[in-house]
Amino acid sequence: MNADMLLNNVLEEFLLECVGNRLEEVSEVPRMLEDISYLENKDSDIARITECEILDVEDYSIQDFSVEGDRIKISYEISYILQAFANSEFIWRIQGTANCIFSIPGVEAYDWSIFQRIGGNVEQLLAHKDLLHFENISYSFMECDTI
């Protein structure tokens, strides 16, 4: 199996789940909203956030990849809508695009065949999320509202 087949056939769901899981981390919200100046009480509302959940993924794709030694470096883009909550209280709907750079072990460095057996089981996919190492995430086209 080559890197192209691995990324586009075997790991498509794994990459989507891992990136989505990272975007749902509360610690990412300040970075998502750093260029948005129109929100009142932005800093205090960010401090109140306890949970984020992806409401919708509009588009995602591997933009580019390269094999670097025993790792595959991946450029990945995802457009999404995320909801932010303080306990169960809805705070914001955040929409935008994340441009991610991350790496995974290469084809020869890891036995990726396990992912063919896992299929789309999210819990089992995320049990392997430590294989993916984020190098950078940048956010663009960000919007935020309370609906």
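Parameters at a glance
Residues numbered from 1 in each chain as written. Predicted model: local features only at pLDDT ≥ 70, side-chain atom pairs only at ≥ 80, totals over all residues. Heavy atoms only, no water. Helix = DSSP H or I, 4+ residues; strand = E, 2+ residues; numbered from the N terminus. Buried < 20%, exposed > 50% of the residue type's maximum accessible area, 1.4 Å probe, protein only. Contact = heavy atoms within 4.5 Å. Pairing = 2+ DSSP bridges. Axes fitted to C-alpha atoms, helices over the stretch in contact; angles between N-to-C directions. Expected span 1.5 Å × (residues − 1). Phe/Tyr/Trp six-rings, centres within 6.5 Å; stacked < 30°, edge-to-face > 60°. Lys NZ or Arg CZ within 6 Å of the ring centre and 35° of its normal.

Let us now look at the side chain of serine 103. Here serine 103 shows up in strand S3 (residues 89-105). Assessed through its relative accessible area of 7%, serine 103 is described here as buried. If we ignore the near neighbours within four places in the chain, the residues touching serine 103 are Arg71, Ile72, Lys73, Leu131, Leu132, His133 and Glu135.

Further remarks concern the pairing of strand S1 (residues 51-68). With 15 bridges connecting them, S1 and strand S2 (residues 71-86) associate as antiparallel partners. Each bridged residue has a counterpart across the sheet, and for serine 66 the counterpart in S2 is lysine 73.

Moving on to the sheet that holds S1. If you trace the four strands from one edge of the open sheet to the other, you get S1-S2-S3-S4, paired in antiparallel fashion. The open sheet has two edge strands with one neighbour each: S1 and strand S4 (133-145). Strand-to-strand twist in this sheet, taken as the mean axis angle between neighbours without regard to direction, amounts to 15 degrees. The pairing of S3 with S4 spans 10 bridges and is classified as antiparallel. Across the sheet, cysteine 100 pairs through a bridge with isoleucine 137, a residue of S4. In the packing of helix H1 (residues 3-10) onto the sheet, the strands contacted are S1, S2 and S3, and the crossing angle to S1 comes to about 165 degrees. Against the sheet, helix H2 (residues 12-23) makes contact with S1, S2, S3 and S4, and its axis sits at roughly 50 degrees relative to S2, the strand it touches most.

With that settled, the discussion passes to H2. Between its terminal C-alpha atoms H2 stretches 17 Å, which fits the 16 Å expected from 12 residues at 1.5 Å a residue. All of the buried residues along H2 are Phe14, Leu15, Leu16, Cys18, Val19, Gly20, Asn21 and Leu23.

Here the distance between the centres and the angle between the planes together describe a pair of aromatic rings. Under the defined criterion, the tally for this structure stands at eight aromatic pairs. Centre to centre, the rings of phenylalanine 14 and phenylalanine 115 are 4.7 Å apart; their planes meet at 55 degrees, and the pair counts as tilted. Residue phenylalanine 14 is found in helix H2, and its partner phenylalanine 115 is found in helix H5 (residues 114-118); the two are separated by 101 residues along the sequence. Ring centres 5.4 Å apart and planes at 40 degrees place the aromatic pair tryptophan 112 and phenylalanine 115 in the tilted group. The two residues tryptophan 112 and phenylalanine 115 agree in class, both being buried. Members of the aromatic cluster, connected to one another through ring pairs, are Phe14, Tyr110, Trp112 and Phe115. Over the aromatic face of phenylalanine 134 sits the side chain of arginine 22, whose NZ or CZ is 4.7 Å from the ring centroid.

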